[in-house]
Amino acid sequence: MSSDPVAPVIDRFAIGGGLSLRRLSFGGGSHVVVCVNGGPGYPCDYMTPFSVLASPDRRVVLYDQLGTGESDTASSPDQWSMAEYARHIEVLREDLGAPSIDVVGHSFGSTIALEYALRYPGRVRRLVISHSTASTPRFVASQIRQLRELLGAATCDMVLQAERDEQFEGLDYRIALARYFAWTEGAPCGEDTVDLPAWDRFVASAGPALVGMWGPGMITSTGAARDWDVESRLAEIQARTLILSSELDHCPPEGAAPMADRIPRAQWLLFQRRGHP
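Just so we're clear, the structure is a prediction, and the values are computed from it rather than from any experiment.

**Looking at the packing of aromatic side chains**
Alright, step 1. Overall, the coordinates contain nine aromatic pairs when judged by the stated rule.
Alright, step 2. Ring plane angle 35° and centroid distance 5.7 Å describe the contact between Trp 199 and Phe 202, whose orientation is recorded as tilted. Here the residue Trp 199 and the residue Phe 202 both occupy positions in helix 6 (residues 196-204), the gap between them amounting to three residues, near one helical turn.
Alright, step 3. Phe 202 gets classed as partly exposed once you look at its relative accessible area, which sits at 39%.
Alright, step 4. Through a chain of ring-to-ring contacts, three or more aromatic side chains come together here, namely Tyr 42, Tyr 180, Phe 181, Trp 183, Trp 199 and Phe 202.

Written out as structure tokens, the structure is:
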């Protein structure tokens, strides 16, 4: 294993219906590690540091999800689904010719990884779930609780009403979200110190998958994943599983605890710090 930068092989793989997804591959061999990035709606490039795991015998693969980055977007509403997103990993595995794969999920990508492990159990050798949850409703409830604790009941109610009304351009709404997510990253989050232009650029850079899978709001979910919840099925996951979470994160430990308790071969590492690494 080398820490030297490695240039990826960049290509595309077909997922059916005339659609294809952008893929970045490092290394080679039949041992495949698939990294599933967070979002939804944001490209995979931030996970390129995992390329240090690549070798002539180990291939590390990243890909832009449907409706993200340089990948194609959905051609019909039914393509926005957790089942479809899990199927894309299976198509990727088949295209690579790997009998089984290690799957590393981060944030929203971990929910896709969990869905894949449940739908294709014989294909997952090892699983990493980083800073995520097995339940969208639980995750939404934890974000609302944190938002209320950080910014107060009145501001929290304003944010929730704005999302119900689909009023996302208001200054107070944008400042509240910028402050909340800055707090989860350990960045300055005061009303006068938060970097609102950076937050606006981040939101504007999202691909169609953000709305399709999550919805246009950032706290509540109205997209295809809004009711996703696999907590009752976690005991079915037989792959060795590493769960990572941080004490202060918008995916807090309360979301990781059911996974650690119910996945039979799980190990949970809880970092005593703030952030959503």
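**A word on the environment of Val 194**
Alright, step 1. Position of Val 194 among the secondary structure elements: in the loop between helix 5 (171-184) and helix 6.
Alright, step 2. If we ignore the near neighbours within four places in the chain, the residues touching Val 194 are Ala 178, Arg 179, Ala 182, Pro 188 and Cys 189.

**Examining the pattern of salt bridges**
Alright, step 1. Here the structure, examined in full by the defined rule, presents 20 salt bridges.
Alright, step 2. A salt bridge links Asp 227 to Arg 226; its shortest N-O distance comes to 3.9 Å.
Alright, step 3. Of the residues examined, Asp 227 reaches a relative accessible area of 61% and is grouped as exposed.
Alright, step 4. Glu 236 is the partner of Arg 233 in a salt bridge, and the nearest nitrogen-oxygen pair spans 2.9 Å.

**Some remarks on the pairing of strand 3 (residues 31-36)**
Alright, step 1. For strand 3, a buried count of five out of six residues is recorded, marking the element as mostly surrounded by other parts of the structure.
Alright, step 2. In this structure, strand 3 lies alongside strand 4 (residues 58-63), joined through five bridges in parallel fashion. Note that in strand 4 the partner of His 31 across the bridge is Arg 58.
Alright, step 3. Relative to strand 5 (residues 101-106), strand 3 is paired through five bridges, and the arrangement is parallel. From the neighbouring strand, Val 34 faces strand 5, where its bridge partner is Val 103.

**What to know about the nonpolar core**
Alright, step 1. Ranked by internal contacts, the top residues of the largest apolar core, which has 45 residues, are Leu 114, Leu 127 and Met 259.
Alright, step 2. Leu 127 has contacts with Val 103, Ala 113, Leu 114, Ala 117, Ile 237, Arg 240, Thr 241 and Leu 242, leaving out every residue within four places of it along the chain.
Alright, step 3. In this structure, Val 140, Ala 182, Leu 210 and Met 218 belong to the second largest nonpolar core, which totals 29 residues.

**Regarding the environment of Asp 200**
Alright, step 1. Here Asp 200 shows up in helix 6.
Alright, step 2. On the basis of relative accessible area, Asp 200 is assigned to the partly exposed category, the value being 26%.
Alright, step 3. The sequence separation of Asp 200 and Ile 175 amounts to 25 residues, and the corresponding C-alpha distance is 9.5 Å.

Conventions adopted
Residues numbered from 1 in each chain as written. Predicted model: local features only at pLDDT ≥ 70, side-chain atom pairs only at ≥ 80, totals over all residues. Heavy atoms only, no water. Phe/Tyr/Trp six-rings, centres within 6.5 Å; stacked < 30°, edge-to-face > 60°. Helix = DSSP H or I, 4+ residues; strand = E, 2+ residues; numbered from the N terminus. Buried < 20%, exposed > 50% of the residue type's maximum accessible area, 1.4 Å probe, protein only. Contact = heavy atoms within 4.5 Å. Salt bridge = Lys/Arg side-chain N within 4 Å of Asp/Glu carboxyl O. Pairing = 2+ DSSP bridges. Core = buried A, V, L, I, M, F, W, Y, C linked by side-chain atoms within 4.5 Å.

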